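Understanding the architecture of this molecule
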Amino acid sequence: MEARIFADEYALIKSIENLSLKSPGIVSIDGVDGVGKSTLACKIAEELSLPYIEIDTFVQEQQGRYIDCIDYNRLSKSIKQAIITNQVLILEGICVQQVLKKLSLNSYAKVYVKVIDNYGFWMDRIRFFPPDKSADEMIAERKAKRFSLGHVEDIIRYHYTFKPHESADYIFERRKA
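Residues numbered from 1 in each chain as written. Predicted model: local features only at pLDDT ≥ 70, side-chain atom pairs only at ≥ 80, totals over all residues. Heavy atoms only, no water.

**Section: the overall build of the protein**
If you tally the helices and strands in the protein, you get eight helices and six strands. Starting at the N terminus and walking to the C terminus, you meet the elements of the protein as β-α-β-α-β-α-β-α-β-α-α-α-α-β. Computed over C-alpha atoms, the radius of gyration of the protein comes to 16 Å, within 12% of the 16 Å expected from 2.2 N^0.38 for 177 residues, which places it in the range of a compact globule. Projected onto its principal axes, the C-alpha coordinates of the protein cover approximately 50 × 40 × 30 Å. Across the 177 residues of the protein, 49% fall into the buried class. For the protein, the separation between the mean place of its 25 positive charges and that of its 25 negative charges on side chains is 2 Å. (Helix = DSSP H or I, 4+ residues; strand = E, 2+ residues; numbered from the N terminus. Rg over C-alpha atoms; globule rule 2.2 N^0.38 Å. Buried < 20%, exposed > 50% of the residue type's maximum accessible area, 1.4 Å probe, protein only. Lys, Arg positive; Asp, Glu negative; His and termini not counted. Charge placed at Lys NZ, Arg CZ, Asp CG, Glu CD.)

Here you go:
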């Protein structure tokens, strides 16, 4: 199935509302850091009166890669409680599909947030995961330039492995201001 693309938050919210009336489960909001995932997730949760969980709040002291620093037991309990209580949950964070896989959970609706520049280009694609390079090549390039990796390595590897920008049900294109 081809992803539906939205530039209007309210049109996306209406589409999720129509879907959420049919199925209980998780609506995941994904994208690289700084694209407005939290802002969008909050707006969806507020408009639809749904619970919202931000994965970042379950990150223990960052001592390495992001994925390894998440308190999965606490996150799992929060997700299960929200689903039992409300049927539908908005879950937001980087690498969200990988986090769900570690918890043996799935999202029934995947939203991927992109920032589009003034020329219509998705710049994070070029910056983090161009199609002509591998994850290892991108990470090696960043290391060679002495760029800080931290959670960026997780983001790069995640996008090459899970391809959330290709497997999303909905793409929200936020225009760069």
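**Here we look at the pattern of salt bridges**
Under the counting rule described, the total for this entry stands at seven salt bridges. Here K43 ties to E9 by a salt bridge, and the two come within 3.5 Å at their closest N and O atoms. With a gap of 34 residues between them, K43 in helix α2 (residues 37-48) and E9 in helix α1 (residues 9-20) connect regions that are remote in the sequence. You can call K43 partly exposed: its relative accessible area is 27%. Using a relative accessible area of 15% as the deciding quantity, one classes E9 as buried. K14 serves as the salt-bridge partner of E17, at 3.3 Å between the closest nitrogen and oxygen. (Salt bridge = Lys/Arg side-chain N within 4 Å of Asp/Glu carboxyl O.)

**Digging into the side chain of E153**
Within the element layout of this structure, E153 appears in helix α7 (residues 151-162). Once you skip the residues sitting within four places of it in the chain, E153 turns out to touch R65 and I139. (Contact = heavy atoms within 4.5 Å.)

**Points about a nonpolar patch on the surface**
Taken together, the side chains of Y119, F121, M123 and I126 make up a nonpolar region of the molecular surface, amounting to roughly 500 Å² of accessible area. With respect to the helices and strands, the residue F121 is situated in the loop between β5 (109-116) and α5 (123-128). (Patch = residues over 30% accessible without salt bridge, like charges linked within 9 Å, V, L, I, M, F, W, Y side chains within 5 Å. Areas by Shrake-Rupley, 256 points an atom, 1.4 Å probe, with all protein chains shown as cover.)

**Things to note about helix α6 (residues 135-144)**
Because an α-helix completes one turn every 3.6 residues, residues spaced three or four positions apart along the sequence face the same direction. When we look at burial in α6, the residues that qualify are A135, M138, I139 and R142. Buried residues of α6, viewed axially, fall in a sector of 95 degrees; they line one side. Buried residues in α6 make contact with α5 and α7. Just beyond α6, the residue with positive phi is R146, at close to 60 degrees. (Arc of directions from axis to C-beta.)

**Let's talk about the sheet that holds strand β6 (residues 170-175)**
Sheet architecture is open: six strands sit in the order β1-β6-β5-β2-β4-β3, paired in parallel fashion. Across the chains shown, the open sheet's two edge strands, defined by having one partner strand only, are β1 (4-6) and β3 (52-54). Between one strand and the next, the sheet's axes are offset by a mean angle of 20 degrees, whatever the strand orientation. Each of β2 (25-30), β3, β4 (88-92), β5 and β6 is contacted by α2, which is oriented at about 165 degrees to β4, the strand it contacts most. (Pairing = 2+ DSSP bridges. Axes fitted to C-alpha atoms, helices over the stretch in contact; angles between N-to-C directions.)

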